[in-house]
There are 2 protein chains.
Amino acid sequence: MASKSAAPRRTSITRLPELGSADRSQLNHLLDVSRIGHFGVVVDGYPVVIPTAIAREADVVLAHGSSGSRWMRALASGAPTTLAVTALDGLEVARSAFESSMHYRSAVIFGCCRPVNDPRGKRAALDAITESMLPGRVAEVRDPTPKELAATLVLSLALDEWSLKVSAGWPDDTEDDVAANAWAGVVPIMSGYGPPQPAPDLRPGIEIPPSVRLLGELGG
Amino acid sequence: MASKSAAPRRTSITRLPELGSADRSQLNHLLDVSRIGHFGVVVDGYPVVIPTAIAREADVVLAHGSSGSRWMRALASGAPTTLAVTALDGLEVARSAFESSMHYRSAVIFGCCRPVNDPRGKRAALDAITESMLPGRVAEVRDPTPKELAATLVLSLALDEWSLKVSAGWPDDTEDDVAANAWAGVVPIMSGYGPPQPAPDLRPGIEIPPSVRLLGELGG
């Protein structure tokens, strides 16, 4: 997520009558700039929350993990799940503590994951996850081995049932508070990339690849 | 969370033999720099995941929300919960897609929330949440009204049962991959604050307060 997309856009800073949004393009954008989501699943009657890397591909969210993970296997078995994807865009500083809040975008997707087992679909899903984190990276690395593919569980969650809340307004203070002396406004929260750090065992002469260079330019 | 604390510290970039950490001070630090957490709770047999602002105060995590929220009331009723608090610190770019990963800190806290109902404790908890978001802000705003206090539900979750995973290593590529031509390293992910934007209805002459100025210095 680059600074530009993480900062609240000027056009979006208007008090919305309702926080809820049914705008699929807004949902897509949030999923596309978010690197992680939190899956909820019930295991033995208890709630489990699993943070994991996500990527959107058309009408599904993809996630992957170790095929040895108990939680991933619970999700793959088709247990009902809730995926929360949350972006924090700013502090909404009101004139009272009560009205103070945050600018955020919060998506919740309901459904059941299905495992992606067919080799071609699994490979395509893993490529999509890699590209989502680091666009251009798939062309720079070797193909996964059959052993690596077998050790990876890929999950797909359809974007059928979802809700999206967007908080992007100005503080909504009472007239009395506006007339008093406290400051009010918004402090944007931004995210970006720092300078790439080469691994200690990197062979001399291997330059920073285009994928990583491009991230740096975005995060500048 | 300021840039400085969000960036992986140089000293932490060493491959850990195990990801798990029992270091309470590391847990405290993660909770203290994190502004939101994701609560999981089971409602009617289904998993619900609730993103919400959190603050740590000694040995508990505090959260607050509308007393009209169904999910907050489910948590307040003492239903078992899992709170996930996740910080993303960087992209771990390995020489293969399979070994590529993220630098993250991930805490999971298990237990049951208890509502903070006594007026003095509730007020102290709300102040702690405000200060956690914006240090110094409580002294700059008026006291909450009894009506505001009644409209707010405050939850406390004890730090009794928790786990912490920290991924902060260098890519762990095979010898063959190290000998080949792909780049490997880490790209830090950083978070900071942008310039404060005054509310359109701010009265002329009200300066940016110390609390907000300090944030800017941290995030600059």
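Residues numbered from 1 in each chain as written. Chains lettered and ligands numbered in written order. Predicted model: local features only at pLDDT ≥ 70, side-chain atom pairs only at ≥ 80, totals over all residues. Heavy atoms only, no water.

K.L.:
Describe unusual backbone geometry, with residues and values.
P.N.:
Residue and element names in this part refer to chain A. In this model, alanine 58 sits at a positive phi of 55°, which is unusual for a non-glycine residue. You can see alanine 58 is positioned in the loop between strand E3 (46–57) and strand E4 (60–66). On the basis of relative accessibility, which here comes to 52%, the residue alanine 58 falls in the exposed class. (Helix = DSSP H or I, 4+ residues; strand = E, 2+ residues; numbered from the N terminus. Buried < 20%, exposed > 50% of the residue type's maximum accessible area, 1.4 Å probe, protein only.)

K.L.:
An account of the interface of chain A and chain B is needed here, citing residue identities and associated values.
P.N.:
Accessible area lost during the coming together of the parts is what is often quoted as the interface size. Residue-level contacts link 75 residues of chain A with 75 residues of chain B. Of the roughly 6300 Å² buried at the junction of chain A and chain B (both faces included), carbon and sulfur atoms supply 66%. By the criterion of area lost to chain B, the three top residues of chain A are Pro47, Trp183 and Gln197 of chain A, representing 12% of everything that side buries. Our count for the contact surface shared by chain A and chain B stands at four salt bridges. The salt bridge involving arginine 95 of chain A is made with aspartate 201 of chain B; its shortest N-O contact spans 3.0 Å. For the pair chain A and chain B, the interface holds 29 residue pairs in polar contact (both at pLDDT 80 or more). It is strand E10 (residues 185–193) of chain A that contributes the most residues to the side of chain A that touches chain B, nine residues altogether. Relative to strand E10 (residues 185–193) of chain B, E10 of chain A runs antiparallel, the two sharing five bridges. Counterpart to serine 191 of chain A in the pairing with E10 of chain B is serine 191 of chain B. (Contact = heavy atoms within 4.5 Å. Buried area = accessible area lost by both parts, 1.4 Å probe. Salt bridge = Lys/Arg side-chain N within 4 Å of Asp/Glu carboxyl O. Polar contact = N/O pair within 3.5 Å; in protein donor to acceptor, adjacent residues only side chain to side chain. Pairing = 2+ DSSP bridges.)

K.L.:
Break down the relation of the copies chain A and chain B for me, with residues and values.
P.N.:
When chain A is brought onto chain B, the operation consists of a screw motion whose angular component is 180° and whose axial shift is 0.0 Å, with 0.0 Å RMSD remaining. This pairing of chains is accounted for by a two-fold axis. Residues of chain A ranked by C-alpha distance from the rotation axis are headed by serine 191 of chain A, positioned 2.1 Å from it. In this assembly the copies share their binding face: 100% of the residues contributing to the interface of chain A also contribute to that of chain B. (Least-squares fit on C-alpha atoms with pLDDT ≥ 70 in both.)

K.L.:
Help me get a handle on the pairing of E4 of chain A, residues and values and all.
P.N.:
Residue and element names in this part refer to chain A. Here four bridges tie E3 to E4, and the two strands are oriented antiparallel to one another. Bridge assignment links glutamate 57 to a residue of E4, and that residue is valine 60. Hairpin connection of E3 to E4: two residues between the antiparallel strands, including alanine 58 at a positive phi of 55°. Bridge analysis of E4 against strand E8 (residues 152–158) gives seven bridges, and the strand direction is antiparallel. When the sheet's bridge partners are listed, glycine 65 is paired in E8 with leucine 153.

That is the geometry; function is a separate question.
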